[in-house]
Amino acid sequence: MTTRFQLSAGGVVCRRNPAGQLEVVLIATQGGERWGLPKGLVEKGESLEETALREVREETGLEAETIERLEPIEYWYWWDEDGQKVRYHKKVYFFLMAYRSGDIAQHDFEVEDVRWFPIDQAIERASYRTEREVLRQVKERRGVLC
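Thresholds, definitions, all that
- Residues numbered from 1 in each chain as written.
- Predicted model: local features only at pLDDT ≥ 70, side-chain atom pairs only at ≥ 80, totals over all residues.
- Heavy atoms only, no water.
- Helix = DSSP H or I, 4+ residues; strand = E, 2+ residues; numbered from the N terminus.
- Expected span 1.5 Å × (residues − 1).
- Buried < 20%, exposed > 50% of the residue type's maximum accessible area, 1.4 Å probe, protein only.
- Arc of directions from axis to C-beta.
- Contact = heavy atoms within 4.5 Å.
- Pairing = 2+ DSSP bridges.

Quick question: what am I supposed to make of helix H3 (residues 129–142) here?
Residues spaced three or four apart along an α-helix point in a common direction, a consequence of the helix completing one turn every 3.6 residues. For H3, which comprises 14 residues, the first-to-last C-alpha distance of 19 Å matches the rise-based estimate of 20 Å (1.5 Å per residue) to within 8%. Burial in H3 covers these residues: Thr130, Glu131, Val134, Leu135, Gln137, Val138 and Arg142. Buried residues in H3, looked at end-on, bunch into an arc of 150°, giving them a common side. The outward face of H3, more than 90 degrees from its buried face, is lined by the exposed residues Arg129 and Glu140.

What's the story with helix H1 (residues 48–60) in this structure? I'm lost.
Taking 1.5 Å of rise per residue, the 13 residues of H1 would be expected to cover 18 Å, and the 18 Å separating its terminal C-alpha atoms lies within 8% of that figure. Looking only at H1, the buried set comprises Leu48, Thr51, Ala52, Arg54, Glu55, Val56, Glu59 and Thr60. Check the buried side of H1 and you find it contacts strand E1 (2–16), strand E2 (22–29), strand E4 (39–41), strand E5 (62–69), strand E7 (84–102) and strand E8 (113–118). One or two residues past the end of H1 sits Gly61, with phi positive at roughly 80°.

Explain the pairing of E2 to me, please; I cannot follow it from the model alone.
Two faces belong to every sheet, and in a regular strand the side chains alternate between them. Of all eight residues in E2, seven are buried, a share of seventy percent or more. Counted along the chain from E1 to the antiparallel partner E2, the turn is five residues long, and its residue Gly20 has a positive phi close to 85°. The pairing of E2 with strand E3 (residues 34–36) spans three bridges and is antiparallel. The residue bridging Thr29 from the neighbouring strand is Arg34, located in E3.

Structural data, given as structure tokens:
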């Protein structure tokens, strides 16, 4: 059995709506069935923060400013490569980011939809347990920074 390691980075982009409520951006993939945080593989020569900012820009159409690095998440998954199952161990570093500019309609082709959600709705909507934990971390301890 082949096992590979992947290193990714992404962002939790936040803003305050006119009522002062904390909102974050989620992206939809897999035909709009999966909602999650923007993230992607670290490219050669890129820092974790550079990757996170690039992935946010590409997948959401938004420009953001990094506030701080959050606790990383790790998980395992299987992928079929040339008829063989390959096991991946993935580690993702997320950064809390403040929205600065941009338009969610300008997301790239890898993403079906991008939406702002109040933090509690984002926690409910996120498809992956580990990403729901990241969003809870933002709500409980860091939401005041946005």
